[in-house]
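# Report on the structure
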Amino acid sequence: MKRIYKRRSKKVGTPPGTLIHIGEEQLAPTKVDMVVYNKDQVTFSQPDLSTDAACIVPPKDSSVLWVNMDGVSELPPLKKLGECFGIHPLVLEDIVDTAQRPKAEEYSNYLFVLLKMLKPGDDGVKGEQVSIILGDNWVLTFQEGLSKDIFNPIKERLENSQLRLRSQGADYLVYGLMDIIVDNYFLVLDSVADNIEILEEELMDSPTPKTLAAIYNQKRELLFLHKSIWPLREVISSLYRQEAPQIQGSTIVYLRDLYDHTIQVIETVETLRDMLSGMLDIYLSSVSNKMNGIMKVLTIIATIFMPITFIVGLYGMNFKNMPELEWPWGYPAVLILMLVIVIAMVIFFRRKDWI
Amino acid sequence: MKRIYKRRSKKVGTPPGTLIHIGEEQLAPTKVDMVVYNKDQVTFSQPDLSTDAACIVPPKDSSVLWVNMDGVSELPPLKKLGECFGIHPLVLEDIVDTAQRPKAEEYSNYLFVLLKMLKPGDDGVKGEQVSIILGDNWVLTFQEGLSKDIFNPIKERLENSQLRLRSQGADYLVYGLMDIIVDNYFLVLDSVADNIEILEEELMDSPTPKTLAAIYNQKRELLFLHKSIWPLREVISSLYRQEAPQIQGSTIVYLRDLYDHTIQVIETVETLRDMLSGMLDIYLSSVSNKMNGIMKVLTIIATIFMPITFIVGLYGMNFKNMPELEWPWGYPAVLILMLVIVIAMVIFFRRKDWI
Amino acid sequence: MKRIYKRRSKKVGTPPGTLIHIGEEQLAPTKVDMVVYNKDQVTFSQPDLSTDAACIVPPKDSSVLWVNMDGVSELPPLKKLGECFGIHPLVLEDIVDTAQRPKAEEYSNYLFVLLKMLKPGDDGVKGEQVSIILGDNWVLTFQEGLSKDIFNPIKERLENSQLRLRSQGADYLVYGLMDIIVDNYFLVLDSVADNIEILEEELMDSPTPKTLAAIYNQKRELLFLHKSIWPLREVISSLYRQEAPQIQGSTIVYLRDLYDHTIQVIETVETLRDMLSGMLDIYLSSVSNKMNGIMKVLTIIATIFMPITFIVGLYGMNFKNMPELEWPWGYPAVLILMLVIVIAMVIFFRRKDWI
Amino acid sequence: MKRIYKRRSKKVGTPPGTLIHIGEEQLAPTKVDMVVYNKDQVTFSQPDLSTDAACIVPPKDSSVLWVNMDGVSELPPLKKLGECFGIHPLVLEDIVDTAQRPKAEEYSNYLFVLLKMLKPGDDGVKGEQVSIILGDNWVLTFQEGLSKDIFNPIKERLENSQLRLRSQGADYLVYGLMDIIVDNYFLVLDSVADNIEILEEELMDSPTPKTLAAIYNQKRELLFLHKSIWPLREVISSLYRQEAPQIQGSTIVYLRDLYDHTIQVIETVETLRDMLSGMLDIYLSSVSNKMNGIMKVLTIIATIFMPITFIVGLYGMNFKNMPELEWPWGYPAVLILMLVIVIAMVIFFRRKDWI
Amino acid sequence: MKRIYKRRSKKVGTPPGTLIHIGEEQLAPTKVDMVVYNKDQVTFSQPDLSTDAACIVPPKDSSVLWVNMDGVSELPPLKKLGECFGIHPLVLEDIVDTAQRPKAEEYSNYLFVLLKMLKPGDDGVKGEQVSIILGDNWVLTFQEGLSKDIFNPIKERLENSQLRLRSQGADYLVYGLMDIIVDNYFLVLDSVADNIEILEEELMDSPTPKTLAAIYNQKRELLFLHKSIWPLREVISSLYRQEAPQIQGSTIVYLRDLYDHTIQVIETVETLRDMLSGMLDIYLSSVSNKMNGIMKVLTIIATIFMPITFIVGLYGMNFKNMPELEWPWGYPAVLILMLVIVIAMVIFFRRKDWI
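The text that follows walks through the structure, step by step, so that each part is easy to find.

What counts as what
Residues numbered from 1 in each chain as written. Chains lettered and ligands numbered in written order. Predicted model: local features only at pLDDT ≥ 70, side-chain atom pairs only at ≥ 80, totals over all residues. Heavy atoms only, no water. Helix = DSSP H or I, 4+ residues; strand = E, 2+ residues; numbered from the N terminus. Contact = heavy atoms within 4.5 Å. Least-squares fit on C-alpha atoms with pLDDT ≥ 70 in both. Pairing = 2+ DSSP bridges. Axes fitted to C-alpha atoms, helices over the stretch in contact; angles between N-to-C directions. Disulfide = S-S within 2.5 Å. Buried < 20%, exposed > 50% of the residue type's maximum accessible area, 1.4 Å probe, protein only. Phe/Tyr/Trp six-rings, centres within 6.5 Å; stacked < 30°, edge-to-face > 60°.

The next thing to look at is the side chain of T299 of chain D. In this structure, T299 of chain D sits in helix α7 (residues 249-314). In contact with T299 of chain D, not counting residues within four places along its chain, are I294, V297 and L298 of chain C together with F349 and W354 of chain D.

Here we take up the relation of the copies chain A and chain E. For the match of chain A to chain E, the screw axis carries a shift of 0.1 Å, the RMSD comes to 0.1 Å, and the turn is 72°. In the structure described here, the two chain copies are related by an operation that fits a five-fold rotation axis. Relative to the rotation axis, the C-alpha of G316 of chain A is the closest in chain A, positioned 4.5 Å from it. Of all interface residues in chain A, a mere 16% are interface residues in chain E too; the two copies therefore contact each other through different surfaces.

Moving on to the arrangement of the chains. One finds no contact between chain B and chain D; the C-alpha atoms of the two approach each other to within 9 Å at their closest. For chain C and chain E, which are not in contact, the least C-alpha distance works out to 9 Å.

Residues and elements named next belong to chain B. If you walk across this open sheet you meet the 7 strands as β2-β1-β3-β7-β6-β5-β4, and the pairing is mixed. If you trace the sheet from one side to the other, it starts and ends with β2 (42-45) and β4 (103-106), each paired once. If you compare each strand with its neighbour and ignore which way they point, the axes differ by 15° on average.

On to the state of the cysteines, then. Simply put, the disulfide is a covalent bond whose two ends are the sulfur atoms of two cysteines. Residue and element names in this part refer to chain E. With the rule as written, the count across this model stands at 5 disulfides over all chains. In this model, C55 is linked to C84 through a disulfide, with the two sulfur atoms separated by 2.0 Å. Around the S-S axis, the bridge from C55 to C84 shows a dihedral of about -85° and counts as left-handed. Note that C55 is positioned in the loop between β2 (42-45) and β3 (64-70) and C84 in helix α1 (residues 75-85), a separation of 29 residues in sequence. On the basis of relative accessibility, which here comes to 22%, the residue C84 falls in the partly exposed class.

Here the focus is the packing of aromatic side chains. Taken as a whole and judged by the stated rule, the model has 55 aromatic pairs over all chains. With centroids separated by 6.2 Å and ring planes inclined at 50°, the aromatic side chains of Y331 of chain A and F319 of chain B adopt a geometry described as tilted. With one member in each of two chains, Y331 of chain A in helix α9 (residues 330-351) and F319 of chain B in the loop between α8 (249-314) and α9 (323-326) form a pair that bridges those chains. The same class applies to Y331 of chain A and to F319 of chain B, which are both buried.

Structure, rendered in structure tokens:
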């Protein structure tokens, strides 16, 4: 339930723009790191976000500044960052409320994008909220910080001056960040598809009530995926269709590619949901078939034994005048009669295709 | 049923604009209070709305006037207010008809918004209709008045001159009122989600027919929520997209945020409905599984006892010529034979995975 | 079936514009009455629509002429009226074909609106087709005439010169007529909701196959309502959105209100249909539960009596050498053994929660 | 299956525009007839479409030329006609491929409309493809030719100079042809509705597995209707909304009426499908109810006879020391005891509402 | 599962534009062939795509160049081709990733279309990805290469100078290629429809659990078809609606025809899915009917034998004082009594329609 619906009661009644962290409490402290790069050089550092420190200033030249915050439950550094870059209080409120749905919003001097990072875990898919703010030549990112930094591959790529990433603007960096998130969805789909494949085999071999519970769990898992990924369609298409000054023409084609990937993910989720529905039908009907099998056994047993039990009861009666009892061949005759009845029954069931 | 459909027969055949109260009769009398505020000061008062009193006049300066009426079953004060502010008779008709669906309508000199306030109660969610009229620098609000005044937090915030609310116009006040209503939806969702979580555990442990009734009740509850909240999507988006002169540019971003919250609520309602459907499937199949279990017990019992009961019947026959009966080891031999049959049966059932 | 689908075979193969009455044969003859009114005076009369009578002419001044025809199976007066007011043959064809779906059509000099009047009856909802033609300052209405004149309240209101109706144009009269039709839908919904409420209680207490048939009947009833009301949404919205010269600006706000009512009716129909679907699930699962109950009784009986019947059979065998039979305490011991078995069984079933 | 899906393998791999007849082989040879008419006169004739004959030329004056081909499996006359009137090879390909879906296409100098003619037959609805090409003052029609000429009523109407048809252009003729096709849909609906009504009664009285098969057949029938009629909505609305030069203003209102009829047909198909779904639910639940009835009988029998069979077994035991056996009133006492047990059982079942 | 969802894990974390082959490993090496043709001549050749070979250059005159690559798992020739024709890295990435969904993308100097080729195979439908790039007078095609070259019919047609194909531009060649792919869909549908027809008969005659598994398999098959074909609708409509300079006016009408075929394929897939759903209902209900049959047999047996078994037990009691036992006609009387009971039972079951 936790992953599908997060309780939000504590926010009720507060004025808009109040920062209240909704989500799992974080164990590690908030980590902040900063990169400044251009085609020629790249600098990594840890900025000071204490309340009275100087503000981080975006570079004057064409370099790109990227500040990445890992963990959103500590409010002061977040507020500091918000003040320095002129971020609207409602945006900050959304960043710390990890129950948000994915969205993209245009503000006067920056774009705000909110996404869900998903990862396969031991007990189901884990979701983490990632917020991205794109200014002219600066990018702020906020991770919920439950697992290790997911943007590490990007940082590694930034160190390689040969790659396209170094020579492009802040918008291409944002594309790269979103691309890595969407790529991870495929990992999640791989793991769900594996589970469904196992379930499918189980279903064909020997379904048990546990199979049903597993189908139900996968359904919930896909409901969670659907909820996290579906709005992304609109988010990314709004990014590459709107004419935001922060996004350059050369990046549009990459965003379109990202959009394609998103559609692929969404369609796969729907396909898997369709398959699960089909599997539920199969399960229910296999339960019916089992019941049929049990009923058959019961009916065969009853049908064979009831007549012959009646016969032995018949000759257990204590009437004085029962001539059969006196016959020397009475007993064997009755035994043969009963054998004939049993054989007739077996033939009857063969005809009915029950044995 | 009452919450899902309110009887409306008494309105049929009356001319349009006729004020007829549809809804639960109210116990407490209608209460009216009035606030006038600007950045510098705030005044609370109780206006006189008797028919021959002078009209309340909106302040000439940039102050904001807010009249809040708690209870809509007393018609005279409502009519008086309508006359003073030039409210269309159809709007007044809608205010007293608490079976309305949420809507927003633009009139020449004011905006009319109708919403449903929802609160978790002991026997399900309680709904209450709230109407808001936004003029240039005045706001009228009407509550159904079944529970305590829900706008109290706003009044408290108005007393604090530091808050954004005091320095903004009437449109921001309306946003604040709607925000508090939407925030309360999260409380309702929290309570429904709690119920569903309990049901889910019950379902996995030991479902009873009561579980089914509870699932059905939650379904109705969500149907009621859906009905009350779904139209809100259109209401709020129409507010922030239309260019009504009553709404200033700086408020738009807040309305967009409110819209986002509404979408979140709606999606959660749909997700919970999806989950309930899945739970119904699980319930039905657990009933089938139970039946299977019962059938198995019956079949095992019958299959074990029918053959051996036949045997004891066999040797209860009164034939003269039954040599086995005379054998000294006949009785023990039959006992052993029956034991062998029982063991064979048990092995058979083990193989069939029934025991 | 009659209400859901009317046979239309007799129209096949006739040229377009041929007047053929489709619908129930009418017992009473067609009645026509006429009203001319303005702010100052109102005149009721019975016009002569025989073929060679003079045409009715719309008043030259700002008065409004309303001709109402009750019954559409007599074709000559209808044709006469059509000729006098220049009505297109296709419109006349639609008026007499009571299997039409609601629609609104704009012609060069008039608007044509076709609606379904619904009324709760003893054996389900009764539908009646109503056609309205709105010219510059004249209105023609045609009722199927199966029940008493539904426009009586309007006629009564016309006699009261104080009411808004008298001082407004023909478009406001049309609004009034449509409003009375939509208001009647609420009566129908009240009656359907009553039935569903009764069914719901029956379902919870003691569902029988009759309950199922009743659910099915209500489903058909709502299918009929859906079919009759759903197109109205489009009809009314097309009326208040199009810029027909026959509709004045001041009437638009009333049409918008009417539209709201229609949406409310449609949503209620959908909600009630949703509820019925849920009730069907409950019914089916209560049947399953009943079966479970029966199976339990059978299994308990069989499981208790089969072992002890076996035991009494055992000691009914006629072996010579059965030492137990000779023991003086053999009989009581067997009785006690059987009692122990029965008690063990009862405990077993308690544990399985069957008793 | 044949009606729902026609095999198309033989077309695969041929260049576009290749004429290959898809459909049932025709027994009768292709028949071609031709009409030229205007307000004053009408001429029927049989044109020569052999390859080396002269082309048919549309009349120079305002007369209308209509060529109707009955049967599309003979390709040479079709090709000849196509050449003379400058028909695109793709259009000819569509005409002979009777597995097409309804569509309307605009070409530079003509409109191409493809429809399905439906007729109730003994073993279900029969479909036939009809293609119509509308030029300036000429019309070509192609019928699949499986049943008798469906356009006969039009030809008869053409002979009557009083009718509107004679004085209008080619577009009105096309309207007339389409109108007769749509009118025939009502015949089909009448027949399907009759079948469903019979099924409904059968379902309420005594459903058998045959009822289920019949429901399934009607479902397939409606699937076929849906497939044939649904695209028509778009076809006709595209005709009366586009501004094709071939269609005059005065015909638009007739096309709108035709569109209305189509919508009515489509809605009825959907309503009937809804009803069939409901009937399936009823069937399944009546099967469950029957099973319940059988189980009850079994349980009542077992529950009554098991205890008393046990008792008679008890006194069939051969213990030496069974004092009851010696009592003179033992036998009657046991008989009375068993009677009491049976009566108790009957009372129990009455309480459970089983008898 | 493989056909419905291809694992994509290995792509995660790589920079965009990285070429990674996703799909089945190919056995045969990549084959490349090249055609240059115009109205007068046609030349087939095998180009050299080694890294240091000269680039293939599109002809300067109006000839059309077509390069077809069979197999996409060898990356160097693909990269070489991409460089020579200025193909965007994202396009190359899509070509080698055979898990893509169908799409059409417009780039500055070429159009990129990605489709799925489908073929009926022994164990279900086989899918293969085909990518097409259309430049001014050149076409590149890429086949996954799992089966034999599917474009052979086109190559054969190119050798015939009489055909339209030779005299048209590159856009008509692309149409021809897509047309052959869509035509093959009909083959697939033919084979699926055959399977469903067989299933339908099996279902009516004697459904077994294998029938259910087969229905489930066909459902998955159609899910796969749906997934592969559905996006094509948008792909082709975007091609013929957009005003890409690569597509000439005369080809538009052919693309519209292709679009029609696609719609037909999609509708057939949906129709077949609808039929399968109906078949599942029939299957489930036939299982219920079978169970009913089994229950009837059991109940008849039990109901007949329980009473008479009771009677023989009765007269097996050992009471001293049982006068019936002494009567000379006691035994025959009991036999007759039991016969009467059996006959009564049989009549009872006849009335209940069980025998």
